[in-house]
Amino acid sequence: GIRRFGAASLDLAMVAMGRFDAYWERGLEPWDVCAGLVLVQEAGGIIGEIDKDGGQPHLKGSVLATNGELSEVARKLITGK
């Protein structure tokens, strides 16, 4: 990561606040994502799994959160697909 605060929920809060346009990470546990997931959704962002188009993340594994406008672009850049 270019900027890391040491907690996925804090990084997700930065997306919700508009300070980050996107955030992604693999190998997360439910406790890493729960609070940030709600913040991103309530702020109008999009959050899901890196390798899946849309839908709720399973709160374990990978997460991709964006401001809503960059979801597809970010997914393509990260996965190469």
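Data block above holds the structure.
Everything in this summary refers to the structure shown in the same document. (Residues numbered from 1 in each chain as written. Predicted model: local features only at pLDDT ≥ 70, side-chain atom pairs only at ≥ 80, totals over all residues. Heavy atoms only, no water.)

## Remarks on the overall build of the protein chain
Threshold: Helix and strand assignments follow DSSP, with helices taken as H or I runs no shorter than four residues and strands as E runs no shorter than two, numbered in order from the N terminus. Each residue is placed in one exposure class: buried if its accessible area under a 1.4 Å probe, protein chains only, is under 20% of its type's maximum, exposed if it is over 50%, and partly exposed if it falls in between. Here, residues are in contact when the closest pair of their heavy atoms is within 4.5 Å. Here the Shrake-Rupley method, with its probe set to 1.4 Å, supplies the accessible areas, and only the displayed protein chains count as covering residues.
Scanning the protein chain from terminus to terminus reveals three helices and three strands. Mapped in sequence order, the helices and strands of the protein chain form the string α-β-α-β-β-α. Counting all 81 residues of the protein chain, 36% fall into the buried class. When contacts within the protein chain are restricted to residue pairs at least 6 apart in sequence, those whose partners lie at least 24 apart make up 46%. Within the structure as shown, the protein chain displays about 5,000 Å² of accessible surface, and the carbon and sulfur contribution to it stands at 55%.

## Some thoughts on the nonpolar core
A general feature of soluble globular proteins is that nonpolar side chains tend to end up buried together. What counts is decided by this rule: What makes a nonpolar core is a set of buried Ala, Val, Leu, Ile, Met, Phe, Trp, Tyr and Cys residues whose side-chain atoms join them at distances within 4.5 Å.
Among the nonpolar cores identified, the biggest contains 13 residues, and Leu12, Tyr23 and Ile47 are the most heavily contacted of them. Mapped onto this core, the elements with two or more residues apiece are helix 1 (8-17), strand 1 (22-28), helix 2 (30-42) and strand 3 (61-66). It is helix 1 that provides the largest number of residues to this core, a total of four residues. Residues in contact with leucine 12, not counting those within four places in the same chain, are Tyr23, Val33, Gly36, Leu37, Val40, Ile47 and Ala65.

## Describing the pairing of strand 3
Side-chain positions along a regular strand alternate between the two faces of the sheet. The test is simple: Note: two strands are recorded as paired if DSSP finds a minimum of 2 bridges between them.
The buried count for strand 3 comes to five of six residues, which makes it a mostly enclosed element. Inspection of the sheet shows strand 1 paired to strand 3 by five bridges, in the antiparallel sense. For alanine 22, the partnering residue across the bridge sits in strand 3 and is threonine 66. Where strand 2 (residues 46-48) lies against strand 3, three bridges are found, and the strand directions are antiparallel. Looking at strand 3, one finds that isoleucine 46 is bridged to threonine 66.

## Some details on the environment of lysine 76
Considering the arrangement of structural elements, one finds lysine 76 in helix 3 (residues 71-79). The exposed category is assigned to lysine 76, whose relative accessible area is 51%. In this structure the C-alpha to C-alpha distance between lysine 76 and aspartate 51, which are 25 residues apart in sequence, comes to 9.6 Å.

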